[in-house]
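# A structural walkthrough
The residues making up each chain are set out below.
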Amino acid sequence: MLKYLIIPLSDDAVSFCHYCPGNMSKPITPALLKDGIKWAMKENLSIQFVYPYSILSQDILELIDEVDHIDIVPSNSTSLVHRENADIVVFDQWEEFKKFHFVCGQSYVIRTSLSDLLDNEPYFKTALTTADRINVALADIQNIGDNDMKKYNAFLSRLIQPILEEYKSGHQVQINLLTDRLMLRDMNNCNAGYESITLAPDGKFYTCPAFYLSGFESIGDVNKGLNRKNEQLYKLSYAPICRNCDAFQCKRCVWLNKNLTHEINTPSHEQCVVSHMERNASRNLLLAFREIDPTFLHDVEIAHIDYLDPFEKLINKK
């Protein structure tokens, strides 16, 4: 069931996920934004506005202020007001991340390659001491090889002790890579195409901003409504591998699925391995917490597994 409407306010709105942002400054028109807001209100959807780096027109800003919404803003936005009041601040440059003043109540996303994440590990760990929540979005997950996987696994292991230290001090920092899995009891994925859709600056609906920027076919417009072909395929219940998985923190990115396997409901090897490494590191974090307090999250169990890609396990069974 749809819950959210994502509205990139320009073609070059910041990317908060795996996809690359657009490179053309083509802002949404006030008329289209007004229609999109009306449609969302009629469908009882929450709105998430995704901002570009440049300043928006006054007409656009006034329309935004008329409705309850979530602001997703780039860290180097030209508007200081937008950065300070954003619900989610997105970094795509480590230089911005290193010097940013993290504040309570905001969530942060760092969109990065794996190699850059590893190179900037000290700065990432420092941010854990002040930020309340940090999400990491790997921009090159489709290119991660076996050697890179080993480096990523080691990186996750090195995060366990800093997280423990923060919790000991009373700072319950959240990192999507590790702490989310501890709190989840079932899948909590992106769910683009099922729980959220995107209204792009061209006036059409897309599964998510990545589908728009990658040139995929639209799934309707604000005048004619939605036209999702085989929309059941976006549901977890129609994803035979994912519905039996317990890497609950996995984004289950349908855009990556489509690009790497050509199937909306089938994950790639890379996405599965990365998610299971995070799941296993979360298990180690849970065990480390229980060495300090045996009653910590007493109702949570993350079982030991002997695989990283469930598809390969299924093949081996046959």
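Residues numbered from 1 in each chain as written. Predicted model: local features only at pLDDT ≥ 70, side-chain atom pairs only at ≥ 80, totals over all residues. Heavy atoms only, no water.

As a further point, take the overall build of the protein. A count of helical and extended segments in the protein gives twelve helices and eleven strands. Expected size for 318 residues packed as a compact globule is a radius of gyration near 20 Å; at 20 Å, the protein falls within 12% of this value. The principal-axis extent of the C-alpha atoms belonging to the protein is close to 55 × 50 × 35 Å. Burial status across the protein gives 52% buried among its 318 residues. A sequence separation of at least 24 residues applies to 61% of the contacts in the protein between residues at least 6 apart. (Helix = DSSP H or I, 4+ residues; strand = E, 2+ residues; numbered from the N terminus. Rg over C-alpha atoms; globule rule 2.2 N^0.38 Å. Buried < 20%, exposed > 50% of the residue type's maximum accessible area, 1.4 Å probe, protein only. Contact = heavy atoms within 4.5 Å.)

Tallied over the entire structure, the rule returns 18 aromatic pairs. Pairing Phe91 with Tyr108 gives two aromatic rings, centres 6.1 Å apart and planes at 40°, and the pair type is tilted. Placement of the pair is Phe91 in strand β4 (residues 88-91) and Tyr108 in strand β5 (residues 107-112), with a sequence separation of 17 residues. A relative accessible area of 0% places Phe91 in the buried class. Residue class for Tyr108 comes out buried when judged on its relative accessible area of 0%. Where Tyr152 meets Phe155, the ring centres are 6.4 Å apart and the plane angle is 20°; that geometry is what we call stacked. Pair noted here: Tyr152 and Phe155 are both in helix α7 (residues 146-168), with a separation of three residues, about one helical turn. The pair formed by Tyr152 and Phe155 is uniform in burial state, with each residue classed as buried. Grouped by ring-pair contacts, the aromatic residues Phe91, Trp94, Phe97, Phe100, Phe102, Tyr108, Phe124, Tyr152 and Phe155 constitute a single cluster. Against the face of Tyr123 rests Lys98, its NZ or CZ located 4.5 Å from the ring centre. (Phe/Tyr/Trp six-rings, centres within 6.5 Å; stacked < 30°, edge-to-face > 60°. Lys NZ or Arg CZ within 6 Å of the ring centre and 35° of its normal.)

The subject of this paragraph is helix α11 (residues 269-292). Over its 24 residues, α11 extends 35 Å from the first C-alpha to the last, a length consistent with the 34 Å expected when each residue adds 1.5 Å. Within α11, 17 of the 24 residues are buried, leaving the element largely enclosed by the surrounding structure. (Expected span 1.5 Å × (residues − 1).)

This next bit is on the sheet that holds strand β6 (residues 133-138). Ordered in space as β7-β6-β5-β4-β3-β2-β1-β8-β9, the nine strands form an open sheet in which the pairing is mixed. Here the strands that pair on one side only, and so sit at the sheet edges, are β7 (174-175) and β9 (205-206). (Pairing = 2+ DSSP bridges.)

A word on a negative patch on the surface. Taken together, Asp59, Glu62, Asp65 and Glu66 make up a surface patch of like negative charges. Mapping Glu62 onto the fold places it in helix α2 (residues 58-65). (Patch = residues over 30% accessible without salt bridge, like charges linked within 9 Å, V, L, I, M, F, W, Y side chains within 5 Å. Areas by Shrake-Rupley, 256 points an atom, 1.4 Å probe, with all protein chains shown as cover. Salt bridge = Lys/Arg side-chain N within 4 Å of Asp/Glu carboxyl O. Lys, Arg positive; Asp, Glu negative; His and termini not counted. Charge placed at Lys NZ, Arg CZ, Asp CG, Glu CD.)

Membership of the largest hydrophobic core comes to 86 residues, with the highest contact counts inside it found for Leu9, Leu33, Phe49, Phe124 and Tyr152. Top contributing element to this core by residue count: α7, with nine residues. Phe124 has contacts with Trp94, Phe97, Ile110, Leu117, Ile134, Val136, Phe155, Leu159 and Ile175, leaving out every residue within four places of it along the chain. Of all hydrophobic cores here, the second largest spans eight residues; its members include Ala13, Val50, Ile72 and Val109. (Core = buried A, V, L, I, M, F, W, Y, C linked by side-chain atoms within 4.5 Å.)

A word on the pattern of salt bridges. One pass over the full model with this rule turns up 13 salt bridges. Here Glu95 makes a salt bridge to Lys98, at a shortest N to O gap of 3.1 Å. A residue pair is termed a helical-turn pair when its members lie 3 or 4 positions apart in one helix, as Glu95 and Lys98 do in helix α4 (residues 94-99) at three residues. Given a relative accessible area of 53%, Glu95 falls into the exposed group. Since its relative accessible area comes to 32%, Lys98 is described here as partly exposed.

Running from N to C, α7 and α11 point in directions that differ by 30°, and their axes come no closer than 9 Å. When you trace α7 past α11, the crossing you get is right-handed. Counting all contacts with α7, which are made through Met149, Lys150, Tyr152, Asn153, Leu156, Ile160, Ile163, Leu164, Tyr167 and Lys168, the residues of α11 involved are Glu270, Val273, Val274, Met277, Glu278, Ala281, Asn284, Leu285, Ala288, Phe289 and Ile292. (Axes fitted to C-alpha atoms, helices over the stretch in contact; angles between N-to-C directions. Left-handed = near helix turned anticlockwise from the far one by under 90°.)

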